[in-house]
Amino acid sequence: MIALFAVTAVMGYFGSKVKLSYEFSRAIPTDNPKYQDYVSFRSKFGDDGNMLVVGVQSDKLFELKTFKAYDLLHKQLKKVIDVEDVLSVPSSVNLQKDILTEKLNAVKIFPDSITTQAELDSAKSTFFNLPFYKSLLYSPESNAYLMGVRINKDSLNSAKRSKIVADIIAEVNKFEKDTKIEAHLSGLPLIRTVVGDRIQKEMRFFLIGSLLLSALILLLFFRSFGTAMLSLTVVLLGVVWSLGVLYLFGYKITLLTALIPPLVVVIGIPNCIYFINKYHTSYLASGDKNKSLVDMVSKMGIVTLFCNITAAIGFAVFALTKSAILKEFGMVAGISIMLIFVISFILLPAVLSYLPNPKSSQTKYLNNRFVVSFLLRIERWVINHKKTVYAVTIIALAFAVIGIFKLKTVAFIVDDLPKTDKIYTDLKFFEKNFHGVMPLEIVIDTKKRNGLAGMRALSVFEKADSLSQYITAQKEMNRPLSVAEGLKFAKQAFYEGDSANYLLPNTFDGAFVGEYLRPNKNDSGAKNNFVKMLSAFMDSSRQNTRISVNMADVGTIELPKLLDGIQKRANALFDSTKYNFLEPDRRSAFKLDTIVDEFDSSVVTIDTTFAKYDTTPQYNVKLTGTSITFLEGSKFIINGLKESIFWAFLLISLCMLYLFKSVRVLLCSLIPNLIPLVITAGVMGWAGVPLKPSTVLVFSVALGIAIDITIRFLVNYKQELPGFDNDVAKTVYSTINHTGLSIVYTSLVLIAGFIIFCFSSFGGTFALGWLTSITLLVATLTNLVLLPVLLLLTGKKKKK
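Position numbers for residues start from 1 in each chain and track the written sequence from start to end. This being a predicted model, a pLDDT of at least 70 is required before a residue's local features are given, and a value of 80 or more before pairs of side-chain atoms are given or counted; all residues contribute to the totals for chains, interfaces and linings. As a rule here, side-chain values come from all non-hydrogen atoms in the structure, and water together with hydrogens is ignored.

**Describing the overall build of the protein chain**
How we decide: By the criteria applied, helices consist of DSSP H or I runs no shorter than four residues and strands consist of E runs no shorter than two, each listed in order from the N terminus. Residue contacts are counted whenever heavy atoms from the two residues lie within 4.5 Å of one another. Note on areas: Shrake-Rupley, 1.4 Å probe, and residue coverage restricted to the protein chains presented here. In this tally, Asp and Glu contribute negative charge and Lys and Arg positive charge; neither His nor the terminal groups of the chain are included. Note that the charge is assigned to NZ on lysines, CZ on arginines, CG on aspartates and CD on glutamates.
Per the secondary structure count, the protein chain includes 24 helices and 14 strands. Each principal axis of the C-alpha atoms in the protein chain carries an extent, and together these give about 110 × 65 × 50 Å. Counted over contacts in the protein chain with a minimum sequence separation of 6, partners at least 24 positions apart contribute 79%. For the protein chain, the exposed area adds up to about 35000 Å²; of that, 61% sits on carbon and sulfur atoms. On the protein chain, the mean spot of the 87 positive side-chain charges and the mean spot of the 64 negative ones are 12 Å from each other.

In structure tokens:
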């Protein structure tokens, strides 16, 4: 015991050093092509998921008082620490042509000096004459306006993000209070931060709640404060050790590993119940405490060991997947479950040996008339109603199979939130007025350095513009932003702001527009904000350009269809066979005129020739961004979890075969545990609960826990069989009466432990609670009713 508490102190020290993870879920392995595309994109263009958006809908925004408040909100948000920039109507700029310097100057449309409604109306007219901002900063059909807040990506992946988002929300609340206009907030920074903070708070609540609920149930069962506290001590040590293991593996607390402490409590309590129940049963039979303790350890030790092994397998199989977040969860959960066995195996016998002999009030639960009556009824079903048991099982399976055909595999970025949650309703506001805020990026690779420099880049931007028009036509997507849109804006400015000239420059006026975009060399090399924006959509080598799209959270069924359509359109535009510039052929070489690169003022001279006909596509177009990684991650997790169910089933079967050395017993044990999984899947289909990462998790976890009931029943059956001269019928009836009591109590604890997750405000945690509880309830019934019937059916008949 001293050694045990000393190790616990060390593990507690390590556990105190565990930190929260603020990184985006690492569902995809690093060698996945989609992940590598995303990493490549971020290295060239920066992060795509660091924009928080604020939306308002009002026909009074351009009233002077309201607009001043909106402008103040813009300024206050810029003052928030780690906010890098704010894009909004008050900060919008117009490009004005300067004939003397032959430059386009960026000028604020709404200067701070506006003091009258007439001045504001004039600026408003200028703003609405610029197609560039339409659907990006405002929706003309609904009087909705958007403000984009770009947050430092490093701060978003740290503990500072909670304060940043809280400060932004506080400023927005002030605006709402001053103007009485409702504001809506969304974007990945908000969703990740608020959801992450909520789940962390919920996990603390569930840990405390599971401990209190377990303590209450233990007090009701054992009627002993000391016994209840001993059991709680076991699971508390298990929680400390699990946090220590988390630190020793170098992992952090994620949204998934945060579930481990409550799960350790839920799984550890049954260990205590089985051990103490056996101790009390033996004591009532012998009256000798030491003999009862030896009996408890010798008979329940191997049973509990294999029960914990199978439960650990149910979690540890996640470590066989390639998903980092699942690997971490599987490794730590599997090891923690085995450690809870070690703790209970050492601590319970040792402490019980020091405690006084059990009193009659502490063993009264063994003769609970309700439980005894229930077990006697089960015994009658098993003896007299075998056909009824088969019929009910077949009907239930038929019901479940029909439900399984109704199952859908779909996931949304925010589908675990209640439909009434403000995060969800605000997201729907942006989807209704701006077609969504989920980022999608399209990268066009010209396959050669400076492939986007000079006039030759116009053909690339023309194709990009055609692709953008296709995307704009999709109702789930907003108008994309790209260099092409910037060039249209520049051409409109070149032609004195005429909106009819919001078009791509052609070969005639492209050179003139490009000249106006070149930065003034006398201006310390500084570029205006507009040219900075254009530069952000090309990498430093001028080889790659991006098209940025905001889209709705359409889910994993519709998203692949949309992406496939975009990819096909991109292939049609960019991948057709072209004459490519290859190695120069001296016999027919010619020089192009020097071309001005309007983005970096470099002069490019190209010596090329159409020397060969190349059938290789001239461009490479890839779709990436957070929307792509979410889709790939969801598919990866779901497929990984499906595989984990297979491995859990296989490994648990091998354990059962090793334990019982009988194929007959193995088949009898697996059937009562497969039926609950099938019924749960059927219930999901009938209830409209889709297969997604948070719900597929249920099956392998429930299988690992439910098989415990089977092991305890069959081990007791195997131990008692010789005592009844291998009479299967008598042994089955005795096992129901002796083991049934602890099975019922343990099942109640497990079900109550998982039901507490039903109080979660998140669909995934809620589903884990009620689906696992249903699985365990059905597993309890199948193991107490169907398993004995199967043993009687397949057992050897005793000769008279």
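**Quick word on the nonpolar core**
Applicable threshold: Within this scheme, the nonpolar core is defined by two criteria: the residues are buried Ala, Val, Leu, Ile, Met, Phe, Trp, Tyr or Cys, and they are joined through side-chain atoms within 4.5 Å. Between buried and exposed lies partly exposed: a residue is buried under 20% and exposed over 50% of the maximum accessible area for its type, with that area taken using a 1.4 Å probe on protein chains only.
Grouped together as the largest cluster of nonpolar side chains are 239 residues, with contacts concentrated most on Phe110, Tyr133 and Ile168. For this core, the element with the most residues is helix α22 (residues 693-720), which contributes 16 residues. In this view, Phe110 contacts Phe62, Phe67, Val89, Pro90, Ser92, Leu120, Ala123, Lys124 and Phe127; residues no more than four positions away in its chain are not counted.

**With respect to the sheet that holds strand β9 (residues 544-551)**
Spelled out, the test is: Here the rule is simple: two strands pair whenever DSSP picks up at least two bridges between them. Between N-to-C directions, angles span 0 to 180 degrees; the directions come from axes that are lines fitted to C-alpha atoms, helices contributing only their stretch in contact.
If you walk across this open sheet you meet the three strands as β9-β8-β14, and the pairing is antiparallel. Pairing within the sheet leaves two strands with one partner each, and these edge strands are β9 and β14 (620-624). Neighbouring strand axes in the sheet, compared pairwise and without regard to direction, differ in orientation by 20° on average. By the bridge criterion, five bridges tie strand β8 (residues 438-445) to β14 in an arrangement that is antiparallel. The partner of Ile442 across the bridge, within β14, is Leu623.

**Looking at the packing of aromatic side chains**
For the record, the criterion: Here the aromatic set is Phe, Tyr and Trp, taking the six-membered ring for Trp, and pairing holds for ring centres within 6.5 Å; pairs whose planes are under 30 degrees apart are stacked, those over 60 apart are edge-to-face, and all others are tilted.
The tally for this structure, following the rule as stated, stands at 32 aromatic pairs. A centroid spacing of 4.9 Å and a plane angle of 20° characterise the contact between Phe132 and Phe489, whose relative ring orientation is stacked. Of this pair, Phe132 sits in the loop between α4 (117-128) and β5 (138-139) while Phe489 is found in helix α16 (residues 483-494), placing the two residues 357 residues apart along the sequence. The two residues Phe132 and Phe489 agree in class, both being buried. Put simply, the rings of Phe62, Phe67, Phe110, Phe127, Phe128, Phe132, Tyr133, Tyr138, Tyr145 and Phe489 pair up and form one aromatic cluster.

Function cannot be inferred from these measures alone, as they are strictly geometric.
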